[in-house]
Amino acid sequence: SEDEVVRLLNCSDHYSALGFTRYQNIDVSVLKREYRKKAMLVHPDKNMGNEKAAEAFKKLQNAYEILMDSLKRKAYDDELRREELLGVFRRFHNDSQKNGRHGFFGS
Amino acid sequence: MATKHKGRAIGIDLGTTYSCVAAWEEQNGRAEIIVNDQGNRTTPSFVAFTDQRLIGDAAKNQAASNPSNTIFDAKRLIGRKYKDPAIECDLKLWPFKVVSGADDKPMIKVNYKGKEKCLAAEEISSMILSKMKEIAEAYLDFSLKNAVITVPAYFNDSQRKATKDAGVIAGLNVMRIINEPTAAALAYGLQKRANCSEKRNVFIFDLGGGTFDVSLVTIEDGVFEVKATAGDTHLGGEDFDNRMVRHFVQEFKRKNRVDISGDPRALRRLRNGCEKAKRILSHANDTTIEIDALFQGIDFRFSITRARFEDLNRDLFEKCMEISQNCLDDAKMEKREVHDVVLVGGSSRIPKVQSLLEKFFQRYNLCKSINPDEAVAYGAAIQAAMLSESYSIVPNMVLVDVTPLSLGIATHGDLMGVVIPRNTAIPVKMDGVFQTIEDHQPTASFPVYEGERTKAGENNLLGLFHLSGLPRVPRGHPMNVIFELDYDGILKVCAVDETTGNKNGITITNEKGRLSSAEIKRMIEEAAFFKEEDKKFKKMVKAKNALDDYIYRMEKAMKGFDVSSKLSPSEKETIMSKFRKGKRMLESEEHNEAAVFENYLKRLQKMCQPIVINKVRDYSDEDTD
């Protein structure tokens, strides 16, 4: 369970927190099963004295609640996509600066 | 979060009318309800003050003869304000005196040993908790510190924290405060669904002595997920009793043209009669309450039918069903999706409640197989075992509970801006964005509230903090507010101005109306004082008994055989007069020090030495300590 706590804390999005790939179509019963399995491992009561477990559990709980709710999930997906796009743009921007060329909009 | 707690632990169900204590029994794989010194499995939540302090059965038994100093229903007062509309009606009905103290905190006035004392509800609850602790210690045969205490799921933050304080005053290490229906769900899960792995949606209907709670819990693979909870912290058996008392006061007035409502002793006797009748009506169709010489020598004799009782409480029963519906709505679950409906709490035995519930769920198999009076303590003991390191074999389950009330910040126009909505699983961390409402606002204040009303001011204020050093910008400047709620219900709130990185926050632990650490310290000292007084009283009773016993035996001995060889008639007379004086001392109330009786006994023993030496030795061998 120690490993699971660390893994959860390093997760970058709600999908990976529950062991799925991004935007994957998830069956509710599978989602619930994965949640329960992980909750059993990182639940603060099972990890007394480990401050990080509470953190990890909050993360897991948050991810579970968003993925369970179709509306919240959609909003989250949109947010994720926007961030991805921004990330791509930034990388492109940085790369082009490094190469001494001008970026998209000419900085 | 702390590490696992050292030492064994108990679970305490601190009820409005009755309390119950349980401990985990590793060898049997189940929790054991612990019987009290009277052999009862539940103990009345009563504390009485006379020339001594009584707790539990002893206090309830003498309630009718000492109504103004017998305190009960402390749970209805705990964590509330004196002005709280919920207790306005109770104040009129209680035979004991409640006054408004500092910060509008209700204080209970009692007369203890001829002196007036003001006690907070926390102190009364702590006395009951310490009694439960003693009961467990006597049974388990070692001293205990760790406990899990249950509260109604719908208790708010101040009520929970006040309960925790009561535990601290009682000398307990309160490992956690858990919700009563959740504890009952743990008990149900362990007792009835231990070997079942498929999903069960369990509806817990907990109608107790003073509070009503419903929770929808999903049990699957050992994970207990609370989906929603709802309730009323002021609805229970006591209210049904009140309705009946009011009804009979009217009837008595009509028949005899006398009003008993001003007589606490008569009301207490009538209330006891009503409570008994209510229980009888759960299996009989009608019953008669008979109380001799209730008021001005007039006997009370009235019968009541079950239908009449149901009619008196119809709106209260219907309220239970409404709240049940709200809970299902919050859980987004249909009635038919519920697998089990579990009855908990003494008042769930009322046939009308059961039939309404059957009608509500359109089914006839309500689960009555767990003991409704004990399930909560049983569940608390399971949770206690899970949090303590002294047990190696504990059930492999985890509990994911929810917060019963929404948490948020008052925004412009006193609107409640919810950050954590009710029925969110805890522990949790959520944030919301709030904006400044004025141009160039240098500081923003964040009043933190708890409750469901849209107008923030009508909710329960938990605390207030400020964020200063805001940039001089037009209104609408965003600030991020982060709410963090941990397992023990401790809420941390902080606000961040992301443009400047300024940050401020509070941990809500000590809001108004709650006991300060100095007050808690004083109450702990007071509790020690009460304990000392109890000990003194016991010692005095023992000394009195010893003296009484000695006089009785010596008198018998002097009559029994010839003492003239050792004593002259005048000597005999002196001794006999000393005995008479001793008897008078025992009868009078003026002495209450053990030492007085002990010294007198010693004097008598010395005086009687010459005659005891040979003949009466066998009578006085016993140590009179």
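Residues numbered from 1 in each chain as written. Chains lettered and ligands numbered in written order. Predicted model: local features only at pLDDT ≥ 70, side-chain atom pairs only at ≥ 80, totals over all residues. Heavy atoms only, no water.

- Chain B has the name 70-kilodalton heat shock protein in an unreviewed UniProt entry, where Stylosanthes scabra is given as its organism.
- According to its UniProt record, chain B has this under Sequence similarities (unreviewed entry): "Belongs to the heat shock protein 70 family." (UniProt positions renumbered as here; feature names shortened; annotations may be inferred.)

### Considering the overall build of chain B
Logical step 1: Within chain B, the regular secondary structure consists of 16 helices and 27 strands.
Logical step 2: Reported as C-alpha extents along the three principal axes, the dimensions of chain B are approximately 110 × 60 × 55 Å.
Logical step 3: Buried positions account for 55% of the 625 residues belonging to chain B.
Logical step 4: By sequence separation, contacts in chain B at least 24 residues apart represent 67% of the contacts at least 6 residues apart.
Logical step 5: Approximately 28000 Å² of chain B is accessible, and the part contributed by carbon and sulfur atoms is 47%.
Logical step 6: Looking at charge distribution, chain B has the averaged site of its 91 positive side-chain charges lying 4 Å from that of its 90 negative ones. (Helix = DSSP H or I, 4+ residues; strand = E, 2+ residues; numbered from the N terminus. Buried < 20%, exposed > 50% of the residue type's maximum accessible area, 1.4 Å probe, protein only. Contact = heavy atoms within 4.5 Å. Areas by Shrake-Rupley, 256 points an atom, 1.4 Å probe, with all protein chains shown as cover. Lys, Arg positive; Asp, Glu negative; His and termini not counted. Charge placed at Lys NZ, Arg CZ, Asp CG, Glu CD.)

### Notes on the pairing of strand 27 (residues 502–508) of chain B
Residues and elements named next belong to chain B.
Logical step 1: Pairing between strand 26 (residues 491–497) and strand 27: seven bridges, direction antiparallel. Bridge assignment links Cys494 to a residue of strand 27, and that residue is Gly505.
Logical step 2: Hairpin remark: strand 26 followed by strand 27, antiparallel, with four residues in the connecting loop; positive phi at Gly501, about 80°. (Pairing = 2+ DSSP bridges.)

### Here's the deal with the sheet that holds strand 7 (residues 70–71) of chain B
What holds strands together in a sheet is hydrogen bonding between their backbones, with the strands either parallel or antiparallel.
All names here are of chain B.
Logical step 1: Read across the open sheet, the three strands follow the order 6-5-7; overall the sheet is antiparallel. Each having just a single partner strand, strand 6 (53–55) and strand 7 make up the two edges of the open sheet.
Logical step 2: Packed onto the sheet, helix 4 (residues 121–140) meets strand 5 (47–49), strand 6 and strand 7 and runs at close to 110° relative to strand 5. (Axes fitted to C-alpha atoms, helices over the stretch in contact; angles between N-to-C directions.)

### Digging into the confidence of the model for chain B
Fine structural detail should not be taken from predicted coordinates in areas where pLDDT scores are low.
Residues and elements named next belong to chain B.
Logical step 1: Summing up the model confidence of chain B, the mean pLDDT is 88 and the portion of residues at 70 or higher is 95%.
Logical step 2: With pLDDT under 50 throughout, residues 616–625 is counted as low confidence; its partners more than four residues away or in other chains account for 13 contacts.
Logical step 3: Across the interfaces of the predicted complex, the ipTM metric reaches 0.81, alongside a pTM of 0.87. (pLDDT = per-residue confidence, 0-100.)

### A look at the interface of chain A and chain B
Logical step 1: Contacts between the two partners involve 18 residues from chain A, matched on the other side by 31 residues from chain B.
Logical step 2: For the pair chain A and chain B, the summed buried surface comes to about 2100 Å²; carbon and sulfur atoms form 56% of the total.
Logical step 3: When the buried area of chain A at its contact with chain B is split by residue, Arg36(A), Met48(A) and Lys58(A) rank highest and sum to 31% of it.
Logical step 4: Remark: the boundary between chain A and chain B carries five salt bridges.
Logical step 5: Arg36(A) serves as the salt-bridge partner of Glu220(B), at 2.7 Å between the closest nitrogen and oxygen.
Logical step 6: Our enumeration of links across chain A and chain B arrives at eight residue pairs in polar contact (both at pLDDT 80 or more).
Logical step 7: Sorting elements by how many residues they give to the side of chain A that touches chain B places helix 4 (residues 51–68) of chain A first, with eight residues.
Logical step 8: In terms of residue class, the side of chain A that touches chain B is made up of six nonpolar, four polar and eight charged. (Buried area = accessible area lost by both parts, 1.4 Å probe. Salt bridge = Lys/Arg side-chain N within 4 Å of Asp/Glu carboxyl O. Polar contact = N/O pair within 3.5 Å; in protein donor to acceptor, adjacent residues only side chain to side chain. Nonpolar A, V, L, I, M, F, W, Y, C, P; charged D, E, K, R; others polar.)

### What about the packing of helix 7 (residues 237–256) of chain B against helix 10 (residues 314–331) of chain B?
All names here are of chain B.
Logical step 1: Viewed as axis vectors pointing N to C, helix 7 and helix 10 meet at an angle of 160°, and their least axial separation amounts to 10 Å. Compared by their axis directions, helix 7 and helix 10 come out roughly antiparallel. By crossing handedness, the relation of helix 7 to helix 10 is classed as right-handed. Mapping the contact onto sequence places Asp239, Phe240 and Arg243 in helix 7 and Asp315, Leu316 and Phe317 in helix 10.
Logical step 2: Here the contact of helix 7 with helix 10 is composed, by residue class, of three nonpolar, no polar and three charged. (Parallel < 35°, antiparallel > 145°, perpendicular 65-115°, else oblique. Left-handed = near helix turned anticlockwise from the far one by under 90°.)

### Section: the confidence of the model for chain A
Logical step 1: For chain A, mean pLDDT is 82; residues scoring 70 or higher make up 89% of the total.
Logical step 2: Low pLDDT, under 50, characterises residues 102–107 of chain A; the stretch is placed with eight contacts to residues that sit more than four places away or in other chains.

### A word on the environment of Gly222(B)
Logical step 1: Relative to the elements of secondary structure, Gly222(B) occurs in the loop between strand 14 (212–220) and strand 15 (223–232).
Logical step 2: Residues within four places of Gly222(B) in sequence aside, it is in contact with Met40(A), Asn396(B), Met397(B) and Val398(B).

### Describing the sheet that holds strand 26 of chain B
Logical step 1: Here four strands make up an open sheet; going across it, the order is 22-25-26-27 (chain B) and the pairing antiparallel. Sheet topology places strand 22 (428–435) and strand 27 of chain B at the edges, where each strand pairs with a single neighbour. When strand polarity is set aside, the average angle formed by the axes of neighbouring strands in this sheet is 15°.
Logical step 2: In this sheet, strand 25 (residues 478–485) of chain B lies alongside strand 22 of chain B in antiparallel orientation, the contact comprising eight bridges. Across the sheet, the residue bridging to Met430(B) is Phe483(B), located in strand 25 of chain B.
Logical step 3: Where helix 4 of chain A meets the sheet, its contacts fall on strand 22 and strand 25 of chain B, and the angle it forms with strand 22 of chain B comes to roughly 70°.

### Observations regarding the environment of Lys133(B)
All names here are of chain B.
Logical step 1: Looking at the secondary structure, you find Lys133 in helix 4.
Logical step 2: Between the C-alpha atoms of Lys133 and Glu452, which are 319 residues apart in sequence, the distance is 36 Å.
Logical step 3: With residues up to four places along the chain from it excluded, the contact list for Lys133 reads Ile10, Leu144, Ala170, Gly171 and Leu172.

### Some details on the environment of Ile350(B)
All names here are of chain B.
Logical step 1: You can see Ile350 is positioned in the loop between strand 18 (340–344) and helix 11 (351–361).
Logical step 2: Sequence-wise, Ile350 and Glu310 are 40 residues apart; in three dimensions their C-alpha atoms are separated by 9.2 Å.
Logical step 3: Excluding residues that lie within four positions of it along the chain, Ile350 makes contacts with Phe240, Ser282, Phe309 and Phe317.

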